Amino acid sequence: MKQPYLAAMHKQMNKKLKAHISRQKKKHAKWKTAPMSSDTLIQNGILTVAVLSTATVLALPFFFLGNNTASVAIIYILAVVFIARYTEGYIPGIISSFIGVICVNYVFTYPYMKIDFTLDGYPVTFFGMIMISSIISTMTSHLKVQNRIINEREKLLMEAEKETMRANLLRAISHDLRTPLTGIIGTSSTYIENQETLSEKEKMALVQNIYDDSNWLLNMVENLLTITRIRANADPIHKTSELLEEVVSEAVQRFRKRLPNAQVKVRIPDDFIMLPMDATLIEQVLINLLENAYYHGSSDQPIQLNISVEEDFACFEIMDFGPGIPPDKLPVIFDGSPSTPNQSGDSRKGMGIGLTICKTIITAHGGEIQARNHKSGAAFLFRLPLETTADYENDGLSENDL
């Protein structure tokens, strides 16, 4: 079930979308009746004259070589379509339809250089031509307006999605920052008020808690800076060719420094694999996912980090052996919503921001990321495109305990 504030936000966005569509329809109706500016009229006139002149020049060879009036008529109909597409309003297309009919009759129909609709078959032919040209012109102009409305609607939907993501991220920030800060304040207050009665071991435990929470906050601040930098596009992703084994090894070592008691088993191909990436950002993704598996897996079994090569992608899978992810959370787990800690988990360690960071970084690298449950826990998978399309063998995998 959606949170009440999310339901209210979606309702508000739907109202905005309906109001925007209504404004676009009114704008369209007003646009059809409102007079055009002089600049628009001049541009329409110049384009209409230029296209009809070009059509006449193109029609001359067809007429003199084949004496085929039907081919000439088709050229003028195409000119009408072009004019309707690249001018404003319906009038230029309709006027060009009449001009095209007059040109075909006056220049390319016997008696030449005379307007004559009295010959057998000509009235029906030219009436059909002007009807076809006018209908095509009207339809083209109408489709152009419809495309404009559809584009505006898509922009509004994208803005609505961004607003939802922003709201989720703000919730995640408030959740993930508030709980460690509360812990730091409570622990430091306990230390200050009871320092004379506390033993050295108790003091060390309190200081260690403050140290752990401070490092967690520092990591989250780094994540926030990363997502801000990428989304603002102020500092675009700079990819260099990196050796996969070195990047994974560095990420696991940094993870083990933060959490010395964590166990990780890495399964990686023996092949020499190069990947275009920002190594620091990909290491951050791996660390975030490993920390997520450690805190929310709540299992004595080692975390599994499996890496393989499939077609033109390097595939990463981080598996834990805990209670898994609630099914209703799977579709929105990367949207910035703070995770609900399980009973055995660490309630201070929300991953709302961390998972959003992972998705942002992987998407910026042209990859994909997803979450799923397996029979013994949860798994996060992401793929990164390889540097070349060379085929790699997935045989000969080695399992190492880094």
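The structure we're discussing is the one just above.
Reference entry: report on the structure contained in this document. Worth saying up front: this structure is predicted, and the values here are computed from it rather than measured. (Residues numbered from 1 in each chain as written. Predicted model: local features only at pLDDT ≥ 70, side-chain atom pairs only at ≥ 80, totals over all residues. Heavy atoms only, no water.)

Some thoughts on helix H7 (residues 244-258)
In this model H7 runs 22 Å from its N-terminal to its C-terminal C-alpha over 15 residues, within 8% of the 21 Å that 1.5 Å per residue would give. Regarding H7, the residues found buried are Leu244, Val247, Val248, Ala251, Val252 and Phe255. Considered in projection along H7, the buried side chains sweep an arc of 125° and stay on one side of the axis. When the buried face of H7 is taken as reference, the exposed residues oriented beyond 90 degrees from it are Glu245, Glu246 and Lys257. Packing partners of the buried residues in H7 comprise strand E1 (240-243), strand E2 (264-268), strand E3 (274-277), helix H8 (279-297), strand E4 (303-310) and strand E5 (313-319). (Helix = DSSP H or I, 4+ residues; strand = E, 2+ residues; numbered from the N terminus. Expected span 1.5 Å × (residues − 1). Buried < 20%, exposed > 50% of the residue type's maximum accessible area, 1.4 Å probe, protein only. Arc of directions from axis to C-beta. Contact = heavy atoms within 4.5 Å.)

Topic: the environment of Ile333
Following the sequence through the fold, Ile333 ends up in the loop between E5 and helix H9 (352-364). Using a relative accessible area of 14% as the deciding quantity, one classes Ile333 as buried. For Ile333 and Ala371, which are 38 residues apart along the polypeptide, the C-alpha to C-alpha distance reads 7.9 Å. With near-sequence residues (within four places) excluded, Ile333 lies in contact with Ile325, Leu355, Ala371 and Phe380.

Quick look at the nonpolar core
Soluble globular proteins: nonpolar side chains tend toward being buried together. Judged by nonpolar contacts, the single largest core of 50 residues is most densely connected at Val248, Leu286, Leu305, Phe316, Ile318 and Phe382. At 10 residues, H8 tops the list of elements feeding residues into this core. In this structure Val248 touches Val266, Ile268, Leu286, Leu305, Ile307 and Phe316, once residues within four positions along its chain are discounted. Core analysis: the second largest hydrophobic core is formed by 13 residues, Leu52, Ala59, Cys103 and Phe108 among them. (Core = buried A, V, L, I, M, F, W, Y, C linked by side-chain atoms within 4.5 Å.)

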